[in-house]
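Working through the structure, step by step
Single-letter residue listing:
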Amino acid sequence: ILIFLYAPIFTMMVLSFNQSKSRTHWGGFTLSWYTQMFESRAIMYALYTTLLVAMISALVATVIGTVTAIAISHMKPVSKNIFMSISNIPMLNADIVTGIALMLAFIAFGISLGFKTVLISHITFNIPYVILSVMPKLKQTDRSTYEAALDLGASPAYAFFEVVFPDIMPGVLSGFLLAFTMSLDDFIITHFTKGAGINTLSTLIYSEVRRGIRPSMYALSTVIFVLVLVVLLIANFRKQPEKD
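Residues numbered from 1 in each chain as written. Predicted model: local features only at pLDDT ≥ 70, side-chain atom pairs only at ≥ 80, totals over all residues. Heavy atoms only, no water.

With that settled, the discussion passes to the overall build of the protein chain. Scanning the protein chain for helices and strands turns up 11 helices and 0 strands. When the elements of the protein chain are put in sequence order from the N terminus, they spell out α-α-α-α-α-α-α-α-α-α-α. Here the C-alpha radius of gyration of the protein chain, 22 Å, is well above what a compact globule of 244 residues would show, namely 18 Å. Principal-axis analysis of the C-alpha atoms gives the protein chain an extent of 75 × 60 × 35 Å. When the 244 residues of the protein chain are sorted by exposure, 34% land in the buried category. Within the protein chain, residue pairs in contact and separated by at least 24 positions form 70% of the contacts whose partners lie at least 6 positions apart. Placing the 16 positive and 12 negative side-chain charges of the protein chain at their respective mean positions leaves the two points 13 Å apart. (Helix = DSSP H or I, 4+ residues; strand = E, 2+ residues; numbered from the N terminus. Rg over C-alpha atoms; globule rule 2.2 N^0.38 Å. Buried < 20%, exposed > 50% of the residue type's maximum accessible area, 1.4 Å probe, protein only. Contact = heavy atoms within 4.5 Å. Lys, Arg positive; Asp, Glu negative; His and termini not counted. Charge placed at Lys NZ, Arg CZ, Asp CG, Glu CD.)

Have a look at this one:
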């Protein structure tokens, strides 16, 4: 299973150092594709746009999703089930349906397609993932501790940030990372809601498929994979506090 998962990625990494553009012939070792990657304005602009949209949409979706999850958790069981079912629809719905629906909504309201429509779309489909991540943590929190803080004279806002928020922080962080990843990886919704001159990495790669993907895209994918791998290694192998 691991071989099937990582063999294509390993092949792509090897091709990023291949001097030949052929995927079947080894033309020698080179770093020229990495140089071309950093010199390409189209790739750097697409990378900048992708990261900017992913970061902003993840932050906004995390705030809205967390507040929504808190509101849903205080509802009655029937209302809670209804709103949770509504929140799950975007995740179960096909991306192409969501993308076309958002595009038609923007056109109907006279909003020109561009960066802002892509950003709004990403925020929209990221919110349910944040709600799904925060809700389990809210169920694990003890409401009596929040009420005890209020009884001791704390304001509702102070009691939330000092008592409730630290307990749900792992869920909020998971929701942010999930929203960031989903936004970074999205193609279909971005394809339907972007305007002329706006490109993310996914749409840029798609536009190159017909004339052949440049090896510099292999280099970019390799850099992204290595960065993610390094972050995961640091997160999993960092020194744990010693227990007495």
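Here the narrative resumes.
To continue, consider the packing of helix 7 (residues 143–151) against helix 8 (residues 156–185). Between two packed helices, what matters for the description is the angle formed by their axes and the separation of those axes. Contact pair helix 7 / helix 8: the axes reach a minimum separation of 9 Å and the direction vectors enclose 135°. As summarised for this structure, helix 7 and helix 8 are arranged oblique, according to the angle between their axes. Here the hand of the crossing between helix 7 and helix 8 comes out right-handed. Contacts between helix 7 and helix 8 involve Thr145, Tyr146, Ala149 and Leu150 from the first element and Pro156, Ala159, Phe160, Val163 and Val164 from the second. Residue composition of the contact of helix 7 with helix 8, by class: 8 nonpolar, 1 polar and no charged. (Axes fitted to C-alpha atoms, helices over the stretch in contact; angles between N-to-C directions. Parallel < 35°, antiparallel > 145°, perpendicular 65-115°, else oblique. Left-handed = near helix turned anticlockwise from the far one by under 90°. Nonpolar A, V, L, I, M, F, W, Y, C, P; charged D, E, K, R; others polar.)

Let us look at the layout of surface pockets. Volume-wise, the largest pocket comes out at about 820 Å³. Considering the residues around the largest pocket, the lining is formed by 30 residues, among which Leu184, Leu201, Ile224, Phe225 and Val228 are closest to the centre. Breaking the lining of the largest pocket down by element, the ones donating at least two residues are helix 1 (2–15), helix 2 (32–39), helix 3 (41–73), helix 8, helix 10 (201–209) and helix 11 (215–237). Top contributing element to the lining of the largest pocket by residue count: helix 11, with 8 residues. Tallied by class, the residues present in the lining of the largest pocket amount to 20 nonpolar, 8 polar and 2 charged. Roughly 330 Å³ of volume is contained in the second largest pocket. Lining the second largest pocket are 17 residues; nearest its centre among them are Ser73, His74, Leu138, Thr141 and Arg143. When residues of the lining of the second largest pocket are traced back to their parent elements, those giving at least two are helix 3, helix 6 (115–140), helix 7 and helix 8. Sorting elements by how many residues they give to the lining of the second largest pocket places helix 8 first, with 5 residues. By residue class, the composition of the lining of the second largest pocket is 9 nonpolar, 4 polar and 4 charged. (1 Å grid on protein atoms, 1.4 Å probe; cavity = no way out; pocket = protein on both sides within 12 Å on 5 of 7 lines; lining within 4 Å. Points joined across faces, edges and corners; volume = space filled by probe spheres on them.)

Among the nonpolar cores identified, the biggest contains 27 residues, and Ala69, Ile131, Val134, Met135, Leu138 and Ile168 are the most heavily contacted of them. Among the elements of the structure, helix 3, helix 6, helix 7 and helix 8 are those that each provide at least two residues to this core. In terms of residues, this core owes the most to one element, helix 6, which gives 9 residues. For valine 134, the contacting residues outside a window of four places in its chain are Thr66, Ala69, Ile168, Gly171 and Val172. With 10 residues, the next largest nonpolar core counts Trp33, Tyr34, Met217 and Leu220 among its residues. (Core = buried A, V, L, I, M, F, W, Y, C linked by side-chain atoms within 4.5 Å.)

Let us look at a nonpolar patch on the surface. Taken together, the side chains of Met55, Leu59, Val60, Val63, Ile64 and Val67 define a hydrophobic patch exposed on the protein surface, amounting to about 480 Å² of accessible area. Of the residues examined, isoleucine 64 reaches a relative accessible area of 36% and is grouped as partly exposed. (Patch = residues over 30% accessible without salt bridge, like charges linked within 9 Å, V, L, I, M, F, W, Y side chains within 5 Å. Areas by Shrake-Rupley, 256 points an atom, 1.4 Å probe, with all protein chains shown as cover. Salt bridge = Lys/Arg side-chain N within 4 Å of Asp/Glu carboxyl O.)

So, on to the packing of aromatic side chains. According to the stated counting rule, one finds 7 aromatic pairs in the structure shown. Here phenylalanine 17 and phenylalanine 29 contribute two aromatic rings whose centre-to-centre distance is 5.3 Å and whose plane-to-plane angle is 10°, an arrangement assigned as stacked. Residue phenylalanine 17 is found in the loop between helix 1 and helix 2, and its partner phenylalanine 29 is found in the loop between helix 1 and helix 2; the two are separated by 12 residues along the sequence. Residue phenylalanine 17 is classed as partly exposed on the basis of its relative accessible area, which comes to 24%. (Phe/Tyr/Trp six-rings, centres within 6.5 Å; stacked < 30°, edge-to-face > 60°.)

Quick look at the side chain of serine 216 now. Residue placement: serine 216 occurs in helix 11. Classification of serine 216 by relative accessible area gives buried; the value is 2%. Leaving out residues up to four positions away in the same chain, serine 216 has contacts with Trp33, Gln36, Met37 and Ile43.

Attention shifts here to the environment of leucine 113. Locating leucine 113 in the fold gives a position in the loop between helix 5 (95–108) and helix 6. For the pair formed by leucine 113 and tyrosine 206, sequence separation is 93 residues and the distance between their alpha carbons is 19 Å. If near-sequence neighbours (up to four positions away) are discounted, leucine 113 is found in contact with Met103, Phe106, Phe192, Thr193, Lys194 and Gly195.

Everything listed here is a matter of coordinates, which is why it stays silent on function.
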